[in-house]
Structure formats: structure tokens, C-alpha cells
Amino acid sequence: MNVKSTLAIVMFCLFGTTAMAQVDTFRVMHHNILFFGSSCAGLDLDDRLGWLKTVLTEAQPDIYTVNEISPSASVTQAILDSCFTYTNAMEAGEITNINNSNIVNQIFYRSDKFGYKGVEAIDGDPRDLNVYTLYAKDGLEAGDTTFLHLVVMHLKASSGGSNESRRRNDAIKIMNWVEQNAVGENVLLCGDMNIYSHNEDAFEEFVENDNAAISFIDPLGLEDIGWDDMASNGYIYTQSTRSNPIDCGSTGGLDDRFDLILMSPSIDNGNLGLKYVPGTYWAFGNDGNTYNTTLSCTNNTSVGPGVCDALVKVSDHLPVVMDIERTAIISSNDQPKLPWSVHVLGNPVGEQLAIRIRDEQWTSPSFELTLRTLQGQAIHHANISAGNASIDVTPFAAGMYLLEVQDRMGRVAREWVVKK
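A few points on the structure. (Residues numbered from 1 in each chain as written. Predicted model: local features only at pLDDT ≥ 70, side-chain atom pairs only at ≥ 80, totals over all residues. Heavy atoms only, no water.)

1. Section: the overall build of the protein
So, step 1. Counting secondary structure elements, the protein contains eight helices and 19 strands.
So, step 2. Nonlocal contacts in the protein, meaning residues at least 24 apart in sequence, comprise 68% of its contacts between residues at least 6 apart.
So, step 3. Counting only carbon and sulfur atoms, one obtains 45% of the accessible surface of the protein, whose full area is about 17000 Å². (Helix = DSSP H or I, 4+ residues; strand = E, 2+ residues; numbered from the N terminus. Contact = heavy atoms within 4.5 Å. Areas by Shrake-Rupley, 256 points an atom, 1.4 Å probe, with all protein chains shown as cover.)

Right, dumping it as C-alpha cells:
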């Protein structure tokens, strides 16, 4: 049974007859911002902040991941102070730099919509590979925590067998992390991947992995279609915004699809509270009328000339965007009400899963507790009485689990548990 089917069964078993209700839609944007904060052909930082402000005011992402930002915290702060005019709730993640690079990755997110769980750095070649984990705040408050892992990467550039091999090696590291930490969970792979075609090894590691449970999905459905065949439909291309060397950015015009966001199956099918909105993925600013030359701003039909000009100046490549629908599980009135209740005390949990069973009517002298993986495997059993109880969850990997509590009459209460 595949992961998609298993998750659907788990969700049905947990909630019986349920309805999925939309509560929010948010935009994810990934962008290579061209040595931002570093010296680049004499470009003034204030000018670059102004161009970026123009782009972000138009796009209004709720989550904004970037490549090629300076590792200086002051540059991140300058972007926070100057560029997000549409909200005062934007915050940034932590900077990692295992490889001591002069350019790193970063994430910006709306703190009124998302909480920040942290970042994990994977030692990549030549730059860090970062896993940022956010959680939807409304979900946490409702007891239905929805996590989102964003793997931000800037893979080795240039063609040739050696560079392709380095990209593949980093792709393997990323997929190993997903396999060990986030099978079946909400994950986005975001980055300037520098991948030249759909059959390059690194891309196949992502979308045709030997472990089908962790194979990612291209929102444009181009996993098996040659990207070079799209020259007459150039809306997919991001590299490069210019064909002439106006600064230290890459040249060559729009003829490669280097920048991508790939999604895990759960975001495609919406089983875990997040669902891709079909038709919203695009190379921001690319109206499909530019190929192998500088992005045309004279008659660009997707953004205005001012935004288009700012994109050309502030970007190494065009950004990519996609919209994701945030949903919540709402139980139907048909779900039976129990004379006792189960409460998880603190979620996400650390080393101990603490629960409280309230049974004021003393309907059951004992309860059977079971903890299951998303695949339905039982990994812990215990018999407990009403009151407080705890489970040592240190042996279990970080992720989402299903807690089942059953009374002597066979009635069951279920809760999601997130191990951090």
C-alpha cells in the first residue's frame, strides 16, 4: 500500500466522516537574489533593497526562501526592515554556514501565520543544505498541528559530468534526510538546483526515488517531459533575467529551468492539512514570451514594467511561486461523544509524551493506549488508568504519530501527536 493510500485510511479512521474546510491560502516563493549584501559590480545595497521591495510588494509571499544572501545577520535585518511593506509580521530563520561560504540560504515567514521550529544544516557541496521547519499557528491552537519542512538548496552550478555528480550527491543527502525524518509529511524542496534537464540524476533522485514513499512531485507535471521541448512555451524558465553582463549575475537569458519548488505527495493530495492550489505555480514575471534573451519588460503581460525591471536587476534568476491551501480537519456531528476525554499535555512533545484521561463518571477502570506511525504500525502499547500518564518517546524519530486510547467497551479516542 502506498503512502497516499495509507494516510487517507489513517485520516478516515481518526475522524470517521469528516469535512475539509479551507481556512487560509498562503504563497511560497523561492528566489536567487544575486550575492545580496555582497559587493557586486559596485551596486548599492539601498538600490538593491528598493528593487527587492518592489518585487516582494507585488508578489506578497507568506514564506520566502532565498539563495545567495550574505551570511551577515545585518543584511537579513535590512531586508526585514525595508522590503516587506505588506505585513509587519515577517521574521527570518537562523543562518548556518558549515561550508564558510560568502553566500548562504535564508527563510522569511509571516509569524502571524507560522511558528518557527528551527533549522537543520546538512553539509552540502559547495554550500549548506538547510531544512527549515515551520508550523501553522492556527493548527497548533486547534490541537491539529500542521508542520511544513522547507528544504532550501543551492546546488553546484555548471554543466559537465563532475558538476552533475556533485548535484546528485547533494540530492542523495537531502533524500536521506527526508527518508529518515519526514516520510509522509509536508515537505517542499526549494532552490536554485542548477539542473539542466528532467533526466539529470539529481532531479530523478527527487522525483523518481527508489523509495516511492519519498518521491516528490513537480507542480507543473514535467517529471517525464523534456524541458528543452518547452522553448515555444518558455514560461517555465528562470535562468537568467539578463543576456548582458550588467552586474556580477549570470547571463544567457531565459533558457534554463534552474529554480524549482517540488512538493511531497501529502501537499499534492492535502492529507495533512496543506494542499497545493493547481495552476498557481509559475516563474514569477515570465509571461512565456521570452526565450534565450533578457526578460522583456516592454510588453510583459504578467507584471508591470516597474516590477519587471526590478526583477531583472535584483535577481540572478526569476523567482518561482506557488499557492498552498491551509485546511483544517473538522469532525462531523456523527462522531460519537465519549463519557471520558483524552488530552495531550503539550504538543509538539519532546522526550516524554504526557497525557491526561478525564473520566469523572468512572465508566472504565482501565484504558489501552497505542501509539502508531502514519503507516499504521503500532510502536507502543500500555494499559493505563484514568488520570495522568506519560510515555518515553525518545526512541522514536521526529515526526507525526497517532495516539489511540480505547476503553473496556471498545470505544476509541484518537489524537495526533508530533514528536520534535
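2. Quick notes on unusual backbone geometry
So, step 1. Here D125 and P126 are connected by a cis peptide whose omega angle stands at 20°.
So, step 2. Mapping P126 onto the fold places it in the loop between β5 (114-122) and β6 (129-136).
So, step 3. A cis geometry characterises the amide bond from Q239 onward to S240, with omega recorded as -5°.
So, step 4. Relative to the elements of secondary structure, S240 occurs in the loop between α6 (201-207) and β9 (259-263).
So, step 5. A positive phi is found at F35, a non-glycine position, where the angle reads about 50°.

3. Observations regarding the state of the cysteines
So, step 1. Taken as a whole, this structure holds one disulfide when the rule is applied.
So, step 2. C297 shares a disulfide with C308; S-S distance 2.0 Å. With the S-S bond torsion at -80°, the cross-link from C297 to C308 turns out left-handed. With C297 in the loop between β11 (282-283) and α8 (305-314) and C308 in helix α8, this pair connects stretches of sequence that are 11 residues apart.
So, step 3. The exposure class assigned to C308 is buried, which follows from its relative accessible area of 0%. (Disulfide = S-S within 2.5 Å. Buried < 20%, exposed > 50% of the residue type's maximum accessible area, 1.4 Å probe, protein only.)

4. Concerning the environment of Q377
So, step 1. Mapped onto the elements, Q377 comes out in the loop between β15 (367-372) and β16 (378-384).
So, step 2. Sequence separation between Q377 and L402 is 25 residues; the distance between their C-alpha atoms is 9.7 Å.
So, step 3. Not counting residues up to four positions away in its chain, the partners in contact with Q377 are L371 and R372.

5. Observations regarding the environment of V55
So, step 1. Residue position: V55 is located in helix α2 (residues 45-59).
So, step 2. Along the backbone, V55 and F84 are 29 residues apart, and their C-alpha atoms lie at a distance of 9.8 Å.
So, step 3. Aside from chain neighbours lying at most four places away, what touches V55 is M29, F284, V307, A310, L311 and V314.

6. Some details on the packing of aromatic side chains
So, step 1. The full count for this structure, using the stated rule, is 12 aromatic pairs.
So, step 2. Plain terms: the ring middles of Y64 and F84 are 6.3 Å apart, the flat faces sit at 75° to each other, and that makes the pair edge-to-face. You can see Y64 sitting in strand β2 (residues 63-69) and its partner F84 sitting in the loop between α3 (73-82) and β3 (90-92), a full 20 residues away along the chain. For the pair Y64 and F84, one class covers both residues: buried.
So, step 3. On the numbers, 5.5 Å between centres and 45° between planes, the contact of F84 with F108 is tilted. In this pair, F84 sits in the loop between α3 and β3 while F108 sits in strand β4 (residues 104-110), placing the two residues 24 residues apart along the sequence. (Phe/Tyr/Trp six-rings, centres within 6.5 Å; stacked < 30°, edge-to-face > 60°.)

7. Focus on the sheet that holds strand β19 (residues 412-419)
Whenever strands of a sheet pair, they do so through backbone hydrogen bonds, lying parallel or antiparallel.
So, step 1. As summarised here, the arrangement of the four strands in space is β16-β15-β18-β19, forming an open sheet in which the pairing is antiparallel. The open sheet has two edge strands, β16 and β19, and neither has a second partner. Each strand of the sheet is rotated relative to its neighbour by a mean of 20°, with strand direction disregarded.
So, step 2. Alignment of β15 against strand β18 (residues 399-406), held across five bridges, turns out to be antiparallel. Paired with R372 across the two strands is L402, which belongs to β18. (Pairing = 2+ DSSP bridges. Axes fitted to C-alpha atoms, helices over the stretch in contact; angles between N-to-C directions.)

8. Comments concerning the nonpolar core
So, step 1. Ranked by internal contacts, the top residues of the largest apolar core, which has 86 residues, are I79, L188, L189 and F206.
So, step 2. The contact partners of I79, leaving out residues within four places of it in the chain, are I33, F36, L49, L52, I69, F84 and F108. (Core = buried A, V, L, I, M, F, W, Y, C linked by side-chain atoms within 4.5 Å.)

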